[in-house]
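Coordinates in review
Here is what each chain is made of, one letter per residue.
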Amino acid sequence: MKQRTPFQKILMAIAFISYFTGILCGAAALYFGEGGQDPVTASLMASIVFFVGVGIVLQVIGSSNLPDLKINR
């Protein structure tokens, strides 16, 4: 089992929060989406792309095996 730093655990938590926020934006887009030309719907759809992208990047950073870069004397 690989060791994760506390920083990586925090990033994983933020990634899952970001996924959940993307789901909430999707639900809001379906609720408020009255048409394809509505600016609110377009901004919510852009928010979905943003939050899912942030979640993917943070999950990759949080789950990777980062090397120890400390200089031991």
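Before reading further, recall that the structure is shown in the block above.
Residues numbered from 1 in each chain as written. Predicted model: local features only at pLDDT ≥ 70, side-chain atom pairs only at ≥ 80, totals over all residues. Heavy atoms only, no water.

Along the protein, the regular secondary structure elements total two helices and zero strands. In summary, the protein has a C-alpha radius of gyration of 17 Å against a globular reference of 11 Å for 73 residues, an excess of more than 25%. Each of the three principal axes of the protein carries a C-alpha extent, and together these read 65 × 20 × 15 Å. Sequence-distant contacts, at least 24 apart, represent 68% of the contacts inside the protein between residues at least 6 apart. With an accessible surface of roughly 5800 Å², the protein has 71% of that area assigned to carbon and sulfur atoms. (Helix = DSSP H or I, 4+ residues; strand = E, 2+ residues; numbered from the N terminus. Rg over C-alpha atoms; globule rule 2.2 N^0.38 Å. Contact = heavy atoms within 4.5 Å. Areas by Shrake-Rupley, 256 points an atom, 1.4 Å probe, with all protein chains shown as cover.)

Before going further, it helps to examine the environment of S18. Along the chain, the position of S18 falls in helix 1 (residues 6-32). Remark: the alpha-carbon pair of S18 and S43, spanning 25 residues in sequence, is separated by 16 Å. The residues touching S18, leaving out its near neighbours within four places in the chain, are F51, V54 and G55. Within the local environment of S18, its side chain forms a polar contact with the backbone oxygen of F51, the two atoms lying 2.5 Å apart. (Polar contact = N/O pair within 3.5 Å; in protein donor to acceptor, adjacent residues only side chain to side chain.)

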